[in-house]
Amino acid sequence: MVVIVDTISNPLRPRHPEKVNRPDSASPPKPDWIRVRAPNTRGYADTRNIVRANGLHTVCEEAGCPNIGECWDKKHATFMIMGDTCTRACAFCNVKTGMPNALDAAEPGNVAEAVAKLGLAHVVITSVDRDDLADGGAEHFAETIRAIRAACPSTTIEILTPDFLRKEGALEIVVAARPDVFNHNLETVPSRYLTVRPGARYFHSIRLLQRVKELDPTVFTKSGIMVGLGEERHEVQQVMDDLRSADVDFLTIGQYLQPTRKHHAVMRYVPPDEFSSYEKVAYTKGFLMVSASPLTRSSHHAGEDFARLKAARAATAR
């Protein structure tokens, strides 16, 4: 495995220039429970064509999601706004890094058009980190939410945002646009942040999620972590407690998969029974919804999970 090279916009520019000179990190062979089928269905092709026709990016492609075949066959694409280039360089992520282009003012409308063409009842919108922007892209998120609401009034909207670190007032802009679900992933346990997510701050992310509920208690909040990065079980359980202290409703836990040998190595493939155990523990701590499995990802089965999330809240209110 080698560093992926961007052969479209600049054939000489590595996708991850900050990782070029890093030594290779070898991961153990993938176990059988990680393997997925190659995407080759008609539904997959139709979704890809709609994404291309609207000039959009998806985290499904950019992050190399293993569930892309399953999701796109059902026309469930997760749109990634504000370009395909991230201003941060997390050790786990396959999204291209560097200095992004200016925002595309037509993008919110193009996303809304694609949502309508795909007939999505529930859509997930995420983005790259845009530390170069004064508001971190908060207004662009809000514009995208408003455009979808105008084009598809019945579609529920889930957003997966950056942390808006040092972007005063940014969170308030996004929450005021009234997404149905506000997701911000912690990604890993605090002890792994320095090597896995060095540009972020764990307790800032916890506070961000807590602040969402303070601004609008009706919004569902969600967060997720990866395992297999060298964390200990008690650390995962502490993350659960920290998220519950912030009144987070929905927790996802999935297996970290190494994009290239220049990325952080997989320290361990966590077996399915451990994920089941994490799920049981998380429910005892009070989460309304928990998804924990090797192939769990933030937007995987998001529509079905949203329906169960609403039902779980309604049941607790009785």
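Right, let's walk through the structure included here. A quick note: this is a predicted structure, and the numbers were derived from the prediction, not measured. Residue numbering note: each chain is counted from 1, following its sequence as written. Residues qualify for local features only when their pLDDT is at least 70, as the model is predicted, and side-chain atom pairs are given and counted only at 80 or more; totals for whole chains, interfaces and linings, by contrast, use all residues. Water and hydrogen atoms were dropped before computing side-chain values, which therefore reflect all heavy atoms in the structure.

## A word on the pattern of salt bridges
So the rule is basically this: By salt bridge we mean one thing: a side-chain nitrogen of Lys or Arg within 4 Å of a carboxyl oxygen of Asp or Glu. Here's how the labels work: a residue is buried when its accessible area is under 20% of the maximum for its type, exposed when over 50%, partly exposed in between, all with a 1.4 Å probe on protein chains only.
One pass over the full model with this rule turns up 25 salt bridges. Across the pair Glu-139 and Arg-146 runs a salt bridge, and its minimum N-O distance is 2.6 Å. The closest approach of N and O atoms between Asp-247 and Arg-244, which form a salt bridge, is 3.8 Å. The partly exposed category is assigned to Asp-247, whose relative accessible area is 37%. Residues joined in a network through salt bridges with shared partners are Lys-213, Arg-244, Asp-247, Asp-249 and Arg-313.

## Concerning the packing of helix 4 (residues 107-118) against helix 5 (residues 138-151)
Worth spelling out the cut-off: Only the stretch in contact is used when a helix axis is fitted, and all axes are lines through C-alpha atoms; the angle between N-to-C directions ranges over 0 to 180 degrees. Runs of H or I in DSSP of at least four residues are treated as helices and runs of E of at least two as strands, each being numbered from the N terminus. We call two directions roughly parallel when the angle between them is under 35 degrees, roughly antiparallel when it is over 145, roughly perpendicular when it lies between 65 and 115, and oblique otherwise. Crossing chirality is assigned from the near helix's rotation relative to the far helix, an anticlockwise turn below a right angle marking it left-handed and a clockwise turn marking it right-handed. Two residues form a contact once any of their heavy atoms are found within 4.5 Å.
At a minimum axis distance of 8 Å, the contact between helix 4 and helix 5 shows a crossing angle of 40 degrees. Between helix 4 and helix 5, the interaxial angle falls into the category oblique. Where helix 4 crosses over helix 5, the two elements pack in a sense that is right-handed. Between helix 4 and helix 5, the contacting residues are Glu-107, Pro-108, Gly-109, Val-111, Ala-112 and Val-115 on the first element and His-140, Glu-143, Thr-144, Ala-147, Ile-148 and Ala-151 on the second.

## So, unusual backbone geometry
Although it is not a glycine, Met-82 adopts a positive phi angle of roughly 75 degrees. Positionally, Met-82 belongs in the loop between strand 2 (78-81) and strand 3 (85-86). By relative accessible area, Met-82 is classed as buried at 3%.

## Re the environment of Ala-292
Within the element layout of this structure, Ala-292 appears in strand 10 (residues 289-292). Relative accessible area serves as the criterion here: at 10%, Ala-292 is assigned to the buried category. Residues Ala-292 and Lys-310, 18 residues apart in the sequence, show an inter-C-alpha distance of 19 Å.

## Comments concerning the packing of aromatic side chains
The geometry of an aromatic ring pair is captured by the separation of the ring centres together with the interplanar angle, meaning the angle of the planes. Here is the rule: Pairing of aromatic rings covers Phe, Tyr and Trp, the last counted by its six-membered ring, and requires centre-to-centre distances within 6.5 Å; plane angles under 30 degrees mean stacked, over 60 mean edge-to-face, and any other angle means tilted. Our definition puts a charge over a ring when NZ of Lys or CZ of Arg is within 6 Å of the ring centre and also within 35 degrees of the ring normal.
Applying the stated criterion across every chain yields a total of five aromatic pairs. Ring centres 6.5 Å apart and planes at 80 degrees place the aromatic pair Phe-141 and Phe-164 in the edge-to-face group. With Phe-141 in helix 5 and Phe-164 in the loop between strand 6 (156-160) and helix 6 (170-176), the pair connects residues that are 23 residues apart, well separated along the chain. The exposure class of Phe-141 is buried, given its relative accessible area of 1%. Between Tyr-202 and Phe-203, the aromatic rings sit 4.9 Å apart at their centres with planes inclined by 85 degrees, giving edge-to-face as the arrangement. For Tyr-202, a relative accessible area of 5% translates into the label buried. Its relative accessible area of 59% is what places Phe-203 among the exposed residues. Ring pairing ties together the aromatic residues Tyr-193, Tyr-202 and Phe-203, which thus form one cluster. For the cation-ring pair, Arg-244 lies above Phe-287, with the distance from its terminal atom to the ring centre recorded as 5.6 Å. When the ring centre of Phe-220 is taken as reference, the NZ or CZ atom of Arg-313 above it lies at 3.6 Å.

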